[in-house]
Amino acid sequence: MNTLGLAWRYLWSRPLSSALNVLLLGLGLASITFLLLVANQVERAFQRDLAGIDVVVGAKGSPMQLILSGVLHVDVPPGNVPLKAVDALKSNPLVAELIPISLGDSYQSFRIVGTSVAYPLLYKATLAQGCMWDAPMQVVLGAAVAKTLGLGPGQRFAGSHGLGAGGHAHEDQAYTVVGVLAPSGSVLDRLILTDTASVWQVHEHHDEDEESPHEENPREVTMALVRYTTPLAAVSFPRWVNMTTAMQAAAPAVEITRLLHMLGLGTEVLRAFAAMLLLTAGLSVFIALWNAVRERRADLALLRMLGAAPAKMAALLVTEALWLGLLASVLGLALGQLFMLALAYLLRLEHSLLLGGVAWPSELLLVPGLALGISLAAALLPAFGAYRSDVLEMLQTR
């Protein structure tokens, strides 16, 4: 007797019931898949984009806002700080490296970031085309920017004021593309990089603090990314900045931990919903298999009379349940990936954390394991009933 083939035929002898069970279990597994994908991709994005940055120094305000705007580039910065104050930090013996970041303009919703060449080196970025900038008003495009906008070396464009679409265009100050970065999966993929002087030049006629002969250094930057000379600096440096300067220091590791905790509170609701779907699906599978034993009394009796052992009867029910679990796991994984792609499309996540691409982290192995475990648990009691069934009793009941 071919147990696999017979179990498959029995499963689809009741197509509507079986399809409903597969759908219910698949939706629960899709919810679990979606949550696992979101958690995995967000964690990976944070790990990539932190890139060894120990602390971010910028204007007073929300520390999380400073991290989201300066490291992840998904928020607006709290303000600007004097370049002179930032440069003074370089002389601190606890500072190994300081990278300026200047924000304020964008192009087609992609941020234009004024910085130094140390910024792409921080992420170990490599060039796919052209070269790095060596003068103001030259830009290097991230891989996602170049692909989306269709720009390449030699082409020119004018940025717009503000970090979103709809800002005033600086038509009289055009940028020239000199290079395109290779895809890295980091925040650089969705940025337009240029020299800090480019940002000053574009906004020169708007800047009320324009340099004069009586002022030594009136320029401003948005923030600075700092790397320590020693891990022990994490104890004293942020406190020193916050207490003795007009700036604030925010540690990315601390703020990202807070953010993940806040996101975790929201995912608890989705986990509870997924658990309810899985429980409902498990009960539905149990009822379907229990009824199947009663409906197939004649078939089971005939199989027993043909020499099938009681264990074979039980194996038939278990195999049918495992078939159902296997189908539901495939459906759940596929739907979970589709939910992730839909979220990325609707929220345009390629402009934020680069979420949404199809991914297969090892955590997804939980999904088929969970599907088969639920199916097996639902089949145990019906299978035991089939194992204990008596041929004469089944024939008389029929």
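## Examining helix H8 (residues 233-244)
Reasoning step 1: For H8, which comprises twelve residues, the first-to-last C-alpha distance of 16 Å matches the rise-based estimate of 16 Å (1.5 Å per residue) to within 8%.
Reasoning step 2: Considered for burial, the residues of H8 that qualify are Ala-233, Phe-237, Pro-238 and Val-241. All buried residues of H8 lie within an arc of 100° about the axis, which places them on one face of the element. When the buried face of H8 is taken as reference, the exposed residues oriented beyond 90 degrees from it are Val-235, Arg-239, Met-243 and Thr-244.
Reasoning step 3: The inward-facing, buried residues of H8 abut strand S1 (55-59), helix H4 (83-89), strand S3 (95-107), strand S11 (223-228) and strand S12 (247-250).

## Considering the confidence of the model for the protein chain
Reasoning step 1: On average, residues of the protein chain carry a pLDDT of 82, and 83% of them reach 70 or more.
Reasoning step 2: Of all helices and strands in the protein chain, the one with the weakest mean pLDDT is helix H13 (residues 391-397) (51), whereas strand S6 (residues 138-141) scores best (96).
Reasoning step 3: Under a pLDDT of 50 for its full length, residues 206-215 has, in the predicted model, nine contacts with residues more than four places off or in other chains.

## Regarding empty space enclosed by the protein
Reasoning step 1: Tallied over the entire structure, the rule returns one cavity of 30 Å³ or more.
Reasoning step 2: Taken as a whole, the largest cavity spans an internal volume of roughly 30 Å³.
Reasoning step 3: Residue lining of the largest cavity: Leu-11, Arg-14, Ser-18, Asn-21, Ala-288, Leu-289, Glu-320 and Leu-324, and that is the complete set.
Reasoning step 4: Residues that form the lining of the largest cavity fall into these classes: four nonpolar, two polar and two charged.

## Looking at the environment of Ala-251
Reasoning step 1: Relative to the elements of secondary structure, Ala-251 occurs in the loop between S12 and helix H9 (252-295).
Reasoning step 2: Apart from residues lying up to four places away in sequence, Ala-251 is in contact with Asp-54, Val-55 and Ile-67.

## A few points about the pattern of salt bridges
Reasoning step 1: Summed over all chains, the structure comprises five salt bridges.
Reasoning step 2: One salt bridge connects Arg-190 with Asp-49, and the closest N-O pair in it is separated by 3.8 Å. Placement of Arg-190 in the loop between strand S8 (169-181) and strand S9 (191-195) and of Asp-49 in helix H2 (residues 15-50) is noted, with a sequence separation of 141 residues between them. For the residue pair Arg-190 and Asp-49, the accessibility class agrees, reading buried in each case.
Reasoning step 3: Where Glu-97 meets Arg-227, a salt bridge forms, and the shortest distance between an N and an O atom there is 3.5 Å. Here Glu-97, found in strand S3, pairs with Arg-227, found in strand S11; they are 130 residues apart in sequence, far enough to count as distant.

## Overview of the nonpolar core
Reasoning step 1: By size, the foremost hydrophobic cluster in this structure holds 35 residues, and its most contacted members are Val-56, Val-71, Tyr-119, Tyr-123, Leu-188, Leu-193 and Leu-225.
Reasoning step 2: For this core, the secondary structure elements donating two or more residues are H2, helix H3 (63-70), S3, helix H5 (118-122), S8, S9, S11 and H9.
Reasoning step 3: The leading source of residues in this core is H3, at four residues.
Reasoning step 4: Ignoring sequence-local partners within four residues, the contact set of Leu-193 consists of Val-113, Tyr-119, Pro-120, Trp-133, Gln-138, Val-139, Val-140, Leu-181 and Leu-188.
Reasoning step 5: Listed in part, the 29 residues of the second largest apolar core include Val-22, Ala-321, Ala-328 and Ala-383.

## Focus: the packing of aromatic side chains
Reasoning step 1: What the rule picks out here adds up to seven aromatic pairs.
Reasoning step 2: An aromatic cluster is present here, built from Trp-8, Trp-12 and Trp-323 joined pairwise through their rings.

## Notes on a nonpolar patch on the surface
Reasoning step 1: A grouping of Leu-322, Leu-326, Val-330, Leu-372, Leu-376 and Leu-380 is seen on the molecular surface, where their side chains present a nonpolar patch of about 470 Å² in accessible area.
Reasoning step 2: Every element with two or more residues in the nonpolar patch is listed here: helix H11 (310-347) and helix H12 (366-388).
Reasoning step 3: Of note, Leu-380 is situated in helix H12.

## Description of the pairing of S6
Reasoning step 1: Here S6 shows no split at all, with Gln-138 and Val-140 on one side and Val-139 and Leu-141 on the other all buried.
Reasoning step 2: Both S6 and S9 contribute to a ladder of three bridges, which runs antiparallel. Residue pairing for S9: Leu-141 is matched across the bridge by Ile-192.

## Comments concerning unusual backbone geometry
Reasoning step 1: A positive phi angle, near 55°, is found at Lys-124, a position not held by glycine.
Reasoning step 2: Its location among the elements puts Lys-124 in the loop between H5 and strand S5 (127-130).
Reasoning step 3: A relative accessible area of 72% means that Lys-124 is categorised as exposed.
Reasoning step 4: Residue Met-137 is not a glycine yet carries a positive backbone phi of 70°.
Reasoning step 5: Note that Met-137 resides in the loop between S5 and S6.
Reasoning step 6: Given the relative accessible area of 9%, Met-137 is considered buried.

## A word on the environment of Val-81
Reasoning step 1: Assignment of secondary structure puts Val-81 in strand S2 (residues 81-82).
Reasoning step 2: Its relative accessible area of 2% is what places Val-81 among the buried residues.
Reasoning step 3: As for Val-81 and Ser-102, which are separated by 21 residues in sequence, their C-alpha atoms are 9.9 Å apart.
Reasoning step 4: With residues near it in sequence (within four places) discarded, Val-81 still touches Gly-58, Ala-59, Val-86, Glu-220, Val-221, Thr-222 and Met-247.

Reading the values: the criteria
Residues numbered from 1 in each chain as written. Predicted model: local features only at pLDDT ≥ 70, side-chain atom pairs only at ≥ 80, totals over all residues. Heavy atoms only, no water. Helix = DSSP H or I, 4+ residues; strand = E, 2+ residues; numbered from the N terminus. Expected span 1.5 Å × (residues − 1). Buried < 20%, exposed > 50% of the residue type's maximum accessible area, 1.4 Å probe, protein only. Arc of directions from axis to C-beta. Contact = heavy atoms within 4.5 Å. pLDDT = per-residue confidence, 0-100. 1 Å grid on protein atoms, 1.4 Å probe; cavity = no way out; pocket = protein on both sides within 12 Å on 5 of 7 lines; lining within 4 Å. Points joined across faces, edges and corners; volume = space filled by probe spheres on them. Nonpolar A, V, L, I, M, F, W, Y, C, P; charged D, E, K, R; others polar. Salt bridge = Lys/Arg side-chain N within 4 Å of Asp/Glu carboxyl O. Core = buried A, V, L, I, M, F, W, Y, C linked by side-chain atoms within 4.5 Å. Phe/Tyr/Trp six-rings, centres within 6.5 Å; stacked < 30°, edge-to-face > 60°. Patch = residues over 30% accessible without salt bridge, like charges linked within 9 Å, V, L, I, M, F, W, Y side chains within 5 Å. Areas by Shrake-Rupley, 256 points an atom, 1.4 Å probe, with all protein chains shown as cover. Pairing = 2+ DSSP bridges.

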